[in-house]
Each structure stands twice: as structure tokens, then as C-alpha cells.
Amino acid sequence: MHPLVRFQQECTAFFQALSPEGQCPLVFGDGLSENPVLMLIGEAPGEQETLQGKPFVGKAGKNLTAFLEAVGLEREQLYVSNVVKIRPTKQSASGGTVNRPPNAEEKALFTPWLMREIAIVRPCALVTLGNVALQAFIQDTVGHLHGQWSRAVIAPPEAQAFTLPLFALYHPASVIYNRSLTEVYQNDLTILRDSLRARSPEKSDI
Ligand code: URA
């Protein structure tokens, strides 16, 4: 069995045991799962992701397409995933179900699974979208670290820790809600594109 399939089965069993009355389905990563140039890490799936069983589809998929165009990559060259793999929801004032940010317990439960996932996929580098993804690795804010390369420690449970280059970006959704970030975000994408272009094909690292 492919290690990623085993990973998905074990992760599903773990979260089913925690919530036997049933919670919304887990949404796993998608894309090139063996040594992609980049692994893009978001926060958590939303409604469309849960319906389609894939991260970054629907409105968030448009953000992803814009990201790919800006950095000159195809979706097939990437692996895309989220820290939290269930859709965190709450009731809105009008009684509907809406997204909410993942809470501390959800982040703590899912982070070791993310570490295992990275150790299986072995990307050349990580790109984190927003604070939730960044802080799975580095206790700093995207306001400080966006647009530059840092080094992430990947510490899968019961396995050897290793490091990977990490490029922090604002979450595309926060750019939509805060127009003043648009220029900053575009500039960060240019920096990322230039460092990908400068990367020689024989180097496995960025
Ligand atoms: N869709 C995802 O899969 N992740 C996000 O962080 C946002 C939208």
C-alpha cells in the first residue's frame, strides 16, 4: 500500500475514534505526492472542499490558480494540503452553518498528522498560507516572516526530524478582506517566483 494511502486510512480511523457520532469528512492533500517543487499548506477546508473532497477548490481554487500563474507553476507540479483536515464550522446569527478558524485543540490534534504527511511527500520546500499554517512550524507571525525564506523543522512522531525551506505568504482570503495587503502579497509572489527560477534543476533544495 502506498504510504500516503496508509496515512489517510490511519488519520481517518484516528479522527473517527475521537468522534464516533460522526463529523464532517476529512479532506486530504492533492497533487504531486512525490517530491513536488512546493507543498502549499492552507488552514482548513471550507464547504466546497468538503463537498468535492479536495483542498483549494471553489472560490479558494481561483486564488490557487492566480498563485500558480504568478509563480509560473502548474497545479500538477505541486502538492496542496491543509493543517486541519476537517471543516471547522459554527452557526451564524441567522442559523446557517459558516466557516470559523480552527481552534487550538484542532490545530494541536492535526499538526502531528501534517508532519507525517510532509515526511511522506518530501517536497523540496513548503509555502504556508497565513498564520495557522506558518505557526504549525514557526512561532512567529506572517506579518514578520512573509515574503522571505525561513527554515522549518519537520518533526513527525516517532521518526527522525528534518528541516525544509519555508516561504511564508499571507492567506489569499485575508488579502481579499484587506485590500492594503494586495501589493504586499503580489510582491511576495514575485520574490517566490524569482527564487524558483533561480533554482538549478540539479539542486533538490530551493
Ligand atoms: N480552502 C482550503 O482548502 N484551505 C484554505 O485554507 C482555504 C480554503
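This section reports on the structure supplied with the text. (Residues numbered from 1 in each chain as written. Predicted model: local features only at pLDDT ≥ 70, side-chain atom pairs only at ≥ 80, totals over all residues. Heavy atoms only, no water.)

### What about the overall build of the chain?
For the chain, the helix and strand inventory stands at eight helices and eight strands. Projecting the C-alpha coordinates of the chain onto the three principal axes gives extents of approximately 50 × 45 × 30 Å. A burial count over the chain gives 45% of its 206 residues as buried. Contacts spanning at least 24 positions in sequence make up 67% of the contacts within the chain whose residues lie at least 6 apart. Taken as a whole, the chain presents about 10400 Å² of accessible surface, with 52% of it coming from carbon and sulfur. (Helix = DSSP H or I, 4+ residues; strand = E, 2+ residues; numbered from the N terminus. Buried < 20%, exposed > 50% of the residue type's maximum accessible area, 1.4 Å probe, protein only. Contact = heavy atoms within 4.5 Å. Areas by Shrake-Rupley, 256 points an atom, 1.4 Å probe, with all protein chains shown as cover.)

### Re the nonpolar core
Counting 56 residues, the largest nonpolar core has Leu38, Phe67, Ile118, Leu126 and Phe137 as the members making the most contacts within it. Not counting chain neighbours up to four residues away, the residues in contact with Leu38 comprise Phe67, Leu73, Gln77, Leu78, Tyr79, Pro123, Ala125, Val127, Leu192 and Leu196. (Core = buried A, V, L, I, M, F, W, Y, C linked by side-chain atoms within 4.5 Å.)

### Observations regarding the packing of aromatic side chains
The full count for this structure, using the stated rule, is seven aromatic pairs. Consider the rings of Phe14 and Trp113, whose centres lie 5.4 Å apart with planes at 55°: the pair is tilted. Highlighted residues: Phe14 in helix α1 (residues 3-18) and Trp113 in helix α4 (residues 104-121), separated in sequence by 99 residues. By relative accessible area, Phe14 is classed as partly exposed at 34%. Aromatic rings pair up to connect Phe7, Phe14, Phe15, Phe28, Phe110 and Trp113 into one cluster. (Phe/Tyr/Trp six-rings, centres within 6.5 Å; stacked < 30°, edge-to-face > 60°.)

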